[in-house]
Amino acid sequence: MKRIITLLLSVTLALCSFGTRANAEVAEFVLNYDVSAAMLVEYETGEVLYSHNETKRVPIASITKIMTLILAFEAIESGAMSYSDVITISENASAMGGSGVFLHTGEQVSVEDLFKAIIVASANDACVAMAETVAGSQSQFVVLMNNKAKQLGMTDTNFVNCHGLPDTGYYSCARDVATMSRELMRHEDYFKWSSIWLDTMDSIRNKTIITNTNKLVRFYNGCDGTKTGFTNDAMHCVSASAKRNGVRYIAIVLGAKSSQERFDLARELLNYGFANYKTVTVVKKGQQFDGASNLKVSLGNIDTINGLAAQDVIRVAEMAARVDYTVTSVPDQFITAPINEGDVIGHFIVYANGKEIAKIDMLASCAVSKLAYGDYLSKMMGIWLYFNGNNG
């Protein structure tokens, strides 16, 4: 029978689980703009704090480049490409219209500068050059984009190019933009360039001066990404991220009537988040709880082992609310050697005011070797001598 030992974490912090209301409820956000879609999402948990038409399929213009960047960073991290690589610009890349950094056919540019051009200047020519570098061609790169979208659960998105210029069969939605925005920001190198306001492209022929298309990077406290977009069919779009005091929110606006409207609405959404919510780490990865210490191990070179939390449990909390969290330790009934450090040996259940909010793995704190036959006999003999000595 499993041992279930409950540790009441008397966490009387000014917080609550999402959906648990205090006496002073958070006022609903009021949308005063005619836009296709809008959302406010907390970064760590993905909690949706406000949404309007979040699954409506619409064009998203250059916000498409978020997926281009995700695949490019994955290529860097896998070793398939490095920042110092120098690539030769193709005729196809140099011919791209719309926003760009005026790359010329045959020009040699560093991969690092391609990242800068895409992230800061939303350069279409740099996007195509990056796609060709990663996948050989833009068409093959689009296949990778759609495969990644499926992997991330983006069920209302279809890419047909790597830059977001108008094309047949291309669409996304605010919810999917939130998903890929969160995925992009998991690549820490992104932040090397995302908050740059003004810079130069030194490796290209004409040393182009570039300015960030996301004006909130300069004019909103804490804003450090992610992407703007505009075409006549998509209108004015933005996915804007801001972080203050360790808390990050993402505001998404699609189909605004003007550039100023998209930034004003994104600013209002971010203000709403910072004014009304915060995040709290209820469980930390590697944390140990009562009921998960000195767990009995059978046939091991040591007799007991501790269980550790496999991951963080983070919750979005309303500023004025309170909640008590409890954590229940549920170790496996039989823990038998051999055990590797990090093996699953049970689980933890996390409750907010008695309601289950998370279930996470309990991991072995160390490795336990299986007793050799001779060691096993010696141990049994020791036990026999102990009991017979006490009975003598």
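Described below are features of the structure shown in this document. Since the structure is predicted, the reported quantities are computational estimates derived from the model, not experimental observations.

Another point: the pairing of strand 3 (residues 48-52). In this sheet, strand 3 lies alongside strand 2 (residues 37-42) in antiparallel orientation, the contact comprising 4 bridges. Bridging from a neighbouring strand, Ala 38 pairs with His 52 of strand 3. A loop of 5 residues connects strand 2 with strand 3, the two strands running antiparallel in sequence, and Gly 46 in this loop sits at a positive phi of about 80°.

Next up on the list: unusual backbone geometry. In this structure, the amide linkage connecting Gly 225 to the following residue, Thr 226, adopts the cis form with an omega of 5°. Tracing the backbone shows Thr 226 in strand 8 (residues 223-231). Cis geometry is adopted by the peptide bond preceding Pro 338, which originates at Ala 337 and carries an omega value of 5°. Topologically, Pro 338 is positioned in the loop between strand 16 (325-331) and strand 17 (344-352). Notably, Ala 61 is not glycine yet its phi reads approximately 50°, a positive angle. Within the element layout of this structure, Ala 61 appears in the loop between strand 3 and helix 1 (65-78). Taking the relative accessible area as the measure of exposure, Ala 61 reaches 0% and is therefore buried. At Ser 122, a position not held by glycine, the phi torsion is positive, near 55°.

So, on to helix 6 (residues 174-184). Among the 11 residues in helix 6, 9 count as buried, and that is most of the element. Burial in helix 6 covers these residues: Ala 174, Asp 176, Val 177, Ala 178, Met 180, Ser 181, Arg 182, Glu 183 and Leu 184. Buried residues along helix 6 sit against strand 2, helix 1, helix 5 (138-151), strand 8, strand 9 (235-244) and strand 10 (247-256).

So, about the pattern of salt bridges. All chains considered together, the criterion is met by 11 salt bridges. Between Arg 175 and Asp 176 there is a salt bridge, with its nearest N and O atoms 3.4 Å apart. Here Arg 248 makes a salt bridge to Asp 224, at a shortest N to O gap of 2.7 Å. Of this pair, Arg 248 sits in strand 10 while Asp 224 sits in strand 8; the two residues are 24 residues apart in sequence, bridging distant segments of the chain. By the burial criterion, Arg 248 is buried, and Asp 224 matches it. Here the salt bridges do not stand alone but share partners, grouping Arg 57, Asp 156, Arg 175 and Asp 176 into one network.

On to the packing of aromatic side chains, then. Applying the stated criterion across every chain, the model contains 12 aromatic pairs. Consider the rings of Tyr 249 and Phe 274, whose centres lie 5.0 Å apart with planes at 80°: the pair is edge-to-face. Taken together, the residues span a long stretch of sequence, with Tyr 249 in strand 10 and Phe 274 in helix 8 (residues 259-276) at a distance of 25 residues. Here the aromatic residues Phe 29, Tyr 50, Tyr 272 and Tyr 277 are joined through ring pairs into a cluster of three or more. Over the ring of Phe 274 we find Arg 244; its NZ or CZ atom is 4.5 Å from the centre of that ring. The side chain of Arg 248 reaches across the aromatic face of Tyr 43, ending 5.8 Å from its centre.

Mapped onto the elements of the fold, Thr 228 is located in strand 8. Within the structure, the side chain of Thr 228 is placed 2.7 Å from the side chain of Thr 213, a separation counted as a polar contact. Setting aside chain neighbours within four positions, we find Thr 228 in contact with Ser 62, Ile 63, Thr 213, Asn 214, Cys 237, Val 238, Arg 262 and Phe 263.

Next up on the list: empty space enclosed by the protein. The tally for this structure, following the rule as stated, stands at 1 cavity of 30 Å³ or more. Estimated volume of the largest cavity: approximately 30 Å³. Around the largest cavity, the lining residues are Ile 119, Tyr 190, Ser 194, Asn 212, Thr 213, Asn 214, Gly 225, Thr 226 and Lys 227. Take the lining of the largest cavity: its biggest share by element is 3 residues, from strand 8.

Quick look at the nonpolar core now. In this structure, Phe 73, Phe 115, Met 180 and Leu 254 are the most contacted members of the largest nonpolar core, which totals 64 residues. For this core, the secondary structure elements donating two or more residues are strand 2, helix 1, helix 3 (111-121), helix 4 (124-135), helix 5, helix 6 and strand 10. Ranked by residues supplied to this core, first place goes to helix 1 with 9 residues. In this view, Met 180 contacts Ile 60, Ile 63, Ile 66, Met 67, Ile 70, Met 154 and Phe 159; residues no more than four positions away in its chain are not counted. Core analysis: the second largest hydrophobic core is formed by 29 residues, Phe 29, Cys 223, Val 238 and Phe 263 among them.

What follows covers the sheet that holds strand 9. Spatially, 3-2-10-9-8 is the arrangement adopted by the 5 strands of the open sheet, whose pairing is antiparallel. In this open sheet, the two strands that pair with only one neighbour each are strand 3 and strand 8. In this sheet, adjacent strand axes meet at a mean angle of 5° when their direction is disregarded. Sitting on the sheet, helix 8 touches strand 2, strand 3, strand 8, strand 9 and strand 10, and the angle it makes with strand 10 is about 150°.

Cut-offs applied
Residues numbered from 1 in each chain as written. Predicted model: local features only at pLDDT ≥ 70, side-chain atom pairs only at ≥ 80, totals over all residues. Heavy atoms only, no water. Pairing = 2+ DSSP bridges. Helix = DSSP H or I, 4+ residues; strand = E, 2+ residues; numbered from the N terminus. Buried < 20%, exposed > 50% of the residue type's maximum accessible area, 1.4 Å probe, protein only. Contact = heavy atoms within 4.5 Å. Salt bridge = Lys/Arg side-chain N within 4 Å of Asp/Glu carboxyl O. Phe/Tyr/Trp six-rings, centres within 6.5 Å; stacked < 30°, edge-to-face > 60°. Lys NZ or Arg CZ within 6 Å of the ring centre and 35° of its normal. Polar contact = N/O pair within 3.5 Å; in protein donor to acceptor, adjacent residues only side chain to side chain. 1 Å grid on protein atoms, 1.4 Å probe; cavity = no way out; pocket = protein on both sides within 12 Å on 5 of 7 lines; lining within 4 Å. Points joined across faces, edges and corners; volume = space filled by probe spheres on them. Core = buried A, V, L, I, M, F, W, Y, C linked by side-chain atoms within 4.5 Å. Axes fitted to C-alpha atoms, helices over the stretch in contact; angles between N-to-C directions.

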